[in-house]
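One letter stands for each residue in the lines below.
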Amino acid sequence: MTSRDGTRIGFTRSGNGPGLVLVQGAMADLHAYDALATALSSSFTVYAADRRGRGLSPKPFDSDHTIARDVEDVDAILAATGADRVFGLSSGAVITLEAARTLDRIARIALYEPPFYAAGISRGGIRRLNSEIERGDLASALLDSLLVAGTAPAPIRLLPRPLARLLAAAVMAVDQRRARPGSTFRDLLPGVRYDFHDVATVDGGMNAFTTVTMPVLLLSGTTSPAFLRDATLALRALLPDSRHVVIDGAGHDGPWNSGNPHAVAAALRTFFA
C-alpha cells in the first residue's frame, strides 16, 4: 500500500474472517509474527505489516519524522482492507494507541506492553544511539538500544561498557549467520530510530489517551521488566474500557516466534472475536 506521504508499506495477508492488523515493535520485521499470524488465521484475516524503515517498507529515517506518519501507515492498511481490529507490541503498541486516539476506522485494539516510563525515557541516550547509527557503529547502537529501552538482559546491564559492546558485536555476528526468514539486526538497527522517536513523543503524555473509549485489551508477561508491567497497570487504570490479561512465563517478546505466541493468540482470539 502507499501511505499518505508516498511511502510504500508492505504486508502479508493470511487466513479468513474479520480483518486484524498486526503492528510490529522495535528490532523485528513482520516475520517475527509468523507463528502468531498462523495461530490467528483460523479466526481472522491477518495483515502483518512491516513498519516503515524495515523489510518490505524501506524508508530512510529523517529528522522530520513524526508519529503521525506511522499512524498514516496503519490507516492506509485499514482503508485498503476494511480491517477494524489492531494489535501492537511495544513501540507498535504506542502507534496503535495513537491510531485509536486519532482515527475513526478502528473498533477495538489490543496492546502488548507499551513502553511508558515513569521517570521519562533518556533523551541523551536516544541522541547517543542516533549518533552511533549515523556513524555506522552498530554494535554500540545495539547495546544502547537495549539500555535506553530498559530491556537489556542482566549480562548487558552489569558488564563494563567495553565488554558489553563486545558482547553486542558477538550477538550481531551470530545473528548475521543465522538461516531464517526476515531481517538481521544489522538490517533493523537503522530503523530503530523510528521506534525511539515515537516512544519519546508520547513519553509523559499517558493522560492524553483517556479519550480512547473503545474496548482495549492490555497484555503483559510475568517475566517482562517491572517497568513495563507497571506501565500496563497504569494504563489499565486510565483507559475507560480496558481489560488486562497476564501471560504466564512470557517476556517482552511474548507475541514473537521466540516468545509465547500461542498464548497471546488465544487472548487475542477471545477479545477480537
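Residues numbered from 1 in each chain as written. Predicted model: local features only at pLDDT ≥ 70, side-chain atom pairs only at ≥ 80, totals over all residues. Heavy atoms only, no water.

**Q** Would you mind going over helix H11 (residues 261-272) with me for this structure?
**A** For an α-helix, the turn length of 3.6 residues means that residues three or four places apart are oriented alike. With 12 residues, H11 extends 16 Å between its outermost C-alpha atoms, agreeing within 8% with the 16 Å of an ideal straight helix rising 1.5 Å per residue. By the burial criterion, the buried members of H11 are Pro261, Val264, Ala265, Ala267, Leu268, Phe271 and Phe272. For H11, the angular spread of the buried residues around the axis is 165°, confining them to a single face. Away from the buried face of H11 by more than 90 degrees, exposed residues His262 and Thr270 are located. Taken together, the buried residues of H11 touch strand S2 (19-23), helix H1 (34-40), strand S4 (85-89), strand S5 (108-112), strand S6 (216-221) and strand S7 (242-247). (Helix = DSSP H or I, 4+ residues; strand = E, 2+ residues; numbered from the N terminus. Expected span 1.5 Å × (residues − 1). Buried < 20%, exposed > 50% of the residue type's maximum accessible area, 1.4 Å probe, protein only. Arc of directions from axis to C-beta. Contact = heavy atoms within 4.5 Å.)

**Q** Can you walk me through the packing of helix H4 (residues 123-134) against helix H5 (residues 138-149) in this structure?
**A** Two numbers describe a pair of packed helices, the interaxial angle and the distance between the axes. Direction vectors running N to C along H4 and H5 enclose 160°, while the axes themselves pass 8 Å from each other. With respect to H5, the axis of H4 lies roughly antiparallel. Handedness of the H4/H5 crossing: left-handed. Between H4 and H5, the contacting residues are Gly125, Ile126, Arg128, Leu129, Glu132 and Ile133 on the first element and Leu138, Ser140, Ala141, Asp144, Ser145 and Val148 on the second. (Axes fitted to C-alpha atoms, helices over the stretch in contact; angles between N-to-C directions. Parallel < 35°, antiparallel > 145°, perpendicular 65-115°, else oblique. Left-handed = near helix turned anticlockwise from the far one by under 90°.)

**Q** Help me understand the pattern of salt bridges, please; the structure alone is not making it clear to me.
**A** A pair can form between side chains of opposite charge whenever their charged atoms are brought close. According to the stated counting rule, one finds 18 salt bridges in the structure shown. Where arginine 85 meets aspartate 84, a salt bridge forms, and the shortest distance between an N and an O atom there is 2.8 Å. Within the structure, one salt-bridge network assembled from shared partners comprises Arg51, Arg54, Asp70 and Asp195. (Salt bridge = Lys/Arg side-chain N within 4 Å of Asp/Glu carboxyl O.)

**Q** Just checking my understanding: could you explain the packing of aromatic side chains for this structure?
**A** Aromatic rings considered in pairs are described by the distance between their centres and by the relative angle of their planes. Taken as a whole and judged by the stated rule, the model has 7 aromatic pairs. Centre to centre, the rings of phenylalanine 61 and tyrosine 194 are 5.0 Å apart; their planes meet at 80°, and the pair counts as edge-to-face. One end of the pair, phenylalanine 61, is in the loop between strand S3 (45-49) and helix H2 (67-81); the other, tyrosine 194, is in helix H9 (residues 192-202), and 133 residues separate them in sequence. Centroid distance tyrosine 117 to phenylalanine 227: 4.9 Å. Interplanar angle 25°. Geometry classified as stacked. Of the two residues, tyrosine 117 sits in the loop between S5 and H4 while phenylalanine 227 sits in helix H10 (residues 226-238), which places them 110 residues apart along the sequence. Within the aromatic cluster, the residues linked to one another by ring pairs are Phe44, Phe271 and Phe272. (Phe/Tyr/Trp six-rings, centres within 6.5 Å; stacked < 30°, edge-to-face > 60°.)

**Q** Can you walk me through unusual backbone geometry in this structure?
**A** Excluding glycine, a negative phi dihedral is what most residues carry, and trans is how most peptide bonds are arranged. We note that methionine 27 has phi near 60°; this positive angle belongs to a residue other than glycine. Residue position: methionine 27 is located in the loop between S2 and H1. Relative accessible area serves as the criterion here: at 15%, methionine 27 is assigned to the buried category. Phi at glutamate 113 takes a positive value of approximately 50°, unusual for a residue other than glycine. Position of glutamate 113 among the secondary structure elements: in the loop between S5 and H4. For glutamate 113, a relative accessible area of 0% translates into the label buried.

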